[in-house]
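Survey of secondary and tertiary structure
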Amino acid sequence: MKILVTGGAGYIGSHFVKLLLEYGYQPVVIDNLLRGHKEAVPNDVPFEKVDLLDYKELLNIIRKYSPEAIVHFAALAYVGESVEKPQLYYLNNVVGSYNLISAAIEAKIDKFVFSSTCSIYGNPIMIPISESEPSKPINPYANTKLMIETMLKDFESAYGLNFVALRYFNAAGAHFSGEIGESHNPETHLIPLVLYTALGKREKLFVYGNDYDTKDGTCIRDYIHVVDLVDAHLKAIRYLEERKPSSIINLGTGVGNSVLEIITKAEQITQRKIPYEIVGRRAGDPAILVADNKKAKEVLGWEPKYSIEDILESAWKWHKNQKY
């Protein structure tokens, strides 16, 4: 089965491509390389450098390879940047996705997996967060993802596009081979920043607030290993192959770890001291974001396998020998 992977040179997309190859699928990667890394794409995987805003070229590529399904990772994904540059985010994420979905319909592709986000829930009322939690985005990035989910629902009704939207919690970790991992510029995610500090690439880590209503006062997040995450995407493809109804599904472990817990566990794994400084809260940071993942288990037959220790150990292996 041939699968088009947008953003396949990015962090999660490259892990998904690797998994597809392991299971005998034929991935085709498209990426504009604005924030992706060509080095993360295996040499034997077809690669096309194209921007989703170029509808004509996008449609030509889809017709050239005739994939049976599309898995859509490509997006700009910095919350702070989305607040500063909403025009960029609505253009890239929403218009780009509109072009991709429209091209899929024109090419008669009816299986579509979308990379969404738990930030759609904003400041949730109930913890753990289930899919029935109201959608209340509090930044442009989350707004763009919700708009794309809405688009998919409307296009399903009108054109029969069958989809699964996967709302990620905090993706983390690296491939256990050490060949690919998380590399952003600028880096904003906690675990890479913790490990950069352990490596001496940063003088210290900033912890944003220690006065939250949590066990140690710091924010709690649900960290999911990237290998578990991409496994859910493969299960979503198989789900759509069985002609089951479109669905929106949380992807998380159901286990939360605080910022200080991450630092302590990272010190144990790296055997290095990680200096940090408590500073003021960041605007819009919820105290706790932890997934209710029952739906993923029931609908996709998915179960996360890896612990926070596995996440940190794999990430440490990657960051010590980072290749790109």
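First things first, this report covers the structure right here in the doc.

Among the 9 residues that make up helix α6 (residues 190–198), 9 are buried, leaving the element largely enclosed by the rest of the structure. Restricting attention to buried positions, one finds in α6 the residues Leu 190, Ile 191, Pro 192, Leu 193, Val 194, Leu 195, Tyr 196, Thr 197 and Ala 198. In this structure, the buried residues of α6 make contact with β7 (170–172), β8 (205–208), β10 (223–225), α8 (259–270) and α10 (308–320). Trailing α6 by a residue or two, Gly 200 shows a phi angle of about 85°, which is positive.

Okay, the nonpolar core next. Counting residues in each nonpolar core, the largest one holds 39 residues, and the members touching the most others are Ile 3, Ile 12, Phe 16, Leu 166 and Leu 251. At the level of elements, β1 (2–6), α1 (11–22), β4 (69–72), β6 (162–168), α7 (226–241), β11 (247–251) and α9 (294–300) are the ones that each hand at least two residues to this core. In this view, Leu 251 contacts Leu 166, Arg 167, Tyr 168, Phe 169, Ile 224, Leu 229, Ala 232, His 233, Ala 296 and Trp 302; residues no more than four positions away in its chain are not counted. With 27 residues, the next largest nonpolar core counts Val 50, Tyr 65, Ile 101 and Ala 104 among its residues.

Let us look at the sheet that holds strand β9 (residues 220–221). Here 3 strands make up an open sheet; going across it, the order is β12-β9-β14 and the pairing mixed. Both edges of this open sheet fall to β12 (257–258) and β14 (288–289), since each of them pairs with a single strand only. Where β9 lies against β14, 2 bridges are found, and the strand directions are parallel. Bridge pairing in β14 links Arg 221 to Leu 289.

A separate point is unusual backbone geometry. The linkage connecting Ile 127 with the following residue, Pro 128, adopts the cis geometry, with an omega of 0°. Within the secondary structure, Pro 128 is located in the loop between β5 (111–117) and α5 (140–159). Residue Pro 186 follows Asn 185 across a cis peptide bond; omega there is 5°. Of note, Pro 186 is situated in the loop between β7 and α6. The phi torsion at Ser 66 lies on the positive side, around 50°, for a residue other than glycine. Its identity as a non-glycine residue notwithstanding, Gln 271 has a phi of 60°, on the positive side.

Packing of α6 against α8 leaves a shortest axis separation of 10 Å and a crossing angle of 45°. Considering the angle they form, α6 stands oblique to α8. The handedness of the crossing between α6 and α8 comes out as right-handed. In this structure, α6 contributes Leu 190, Ile 191, Val 194, Leu 195 and Ala 198 to the contact, and α8 contributes Val 259, Ile 262, Ile 263, Ala 266 and Thr 270. Taken together, the residues of the contact of α6 with α8 sort by class into 9 nonpolar, 1 polar and no charged.

For strand β2 (residues 26–31), the tally of buried residues reaches 5 of 6 residues, placing the bulk of the element in the interior. Relative to β2, β1 runs parallel, the two being bridged by 5 bridges. Bridge assignment links Lys 2 to a residue of β2, and that residue is Gln 26. Considered for its hand, the β-α-β crossover made up of β1, α1 and β2 is right-handed.

For His 319, the location among the structural elements is in helix α10. Residue classification places His 319 among the buried residues on the basis of a relative accessible area of 3%. Looking at His 319, its side chain comes within polar contact range of the side chain of Gln 322, at 3.2 Å. Ignoring sequence-local partners within four residues, the contact set of His 319 consists of Glu 182, Pro 192, Leu 195, Tyr 196, Leu 199 and Lys 201.

As a further point, take a nonpolar patch on the surface. On the surface, Leu 53, Leu 91 and Val 95 cluster together to form a nonpolar patch covering roughly 210 Å² of accessible area. Along the chain, the position of Val 95 falls in helix α4 (residues 86–106). A residue is classified by how much of its surface remains accessible, and Val 95, at 34% relative accessible area, is partly exposed.

Before going further, it helps to spend a moment on the sheet that holds β2. Across the sheet, 7 strands lie side by side as β3-β2-β1-β4-β5-β6-β11; this open sheet has parallel pairing. For this open sheet the edge positions go to β3 (47–49) and β11, each flanked by a neighbour on one side alone. Taken pair by pair, the neighbouring strands of this sheet meet at an average axis angle of 20°, ignoring direction. Where α4 meets the sheet, its contacts fall on β1, β4 and β5, and the angle it forms with β4 comes to roughly 170°.

Thresholds, definitions, all that
Residues numbered from 1 in each chain as written. Predicted model: local features only at pLDDT ≥ 70, side-chain atom pairs only at ≥ 80, totals over all residues. Heavy atoms only, no water. Buried < 20%, exposed > 50% of the residue type's maximum accessible area, 1.4 Å probe, protein only. Helix = DSSP H or I, 4+ residues; strand = E, 2+ residues; numbered from the N terminus. Contact = heavy atoms within 4.5 Å. Core = buried A, V, L, I, M, F, W, Y, C linked by side-chain atoms within 4.5 Å. Pairing = 2+ DSSP bridges. Axes fitted to C-alpha atoms, helices over the stretch in contact; angles between N-to-C directions. Parallel < 35°, antiparallel > 145°, perpendicular 65-115°, else oblique. Left-handed = near helix turned anticlockwise from the far one by under 90°. Nonpolar A, V, L, I, M, F, W, Y, C, P; charged D, E, K, R; others polar. Right-handed = clockwise from strand over helix to strand, strands pointing away. Polar contact = N/O pair within 3.5 Å; in protein donor to acceptor, adjacent residues only side chain to side chain. Patch = residues over 30% accessible without salt bridge, like charges linked within 9 Å, V, L, I, M, F, W, Y side chains within 5 Å. Areas by Shrake-Rupley, 256 points an atom, 1.4 Å probe, with all protein chains shown as cover. Salt bridge = Lys/Arg side-chain N within 4 Å of Asp/Glu carboxyl O.

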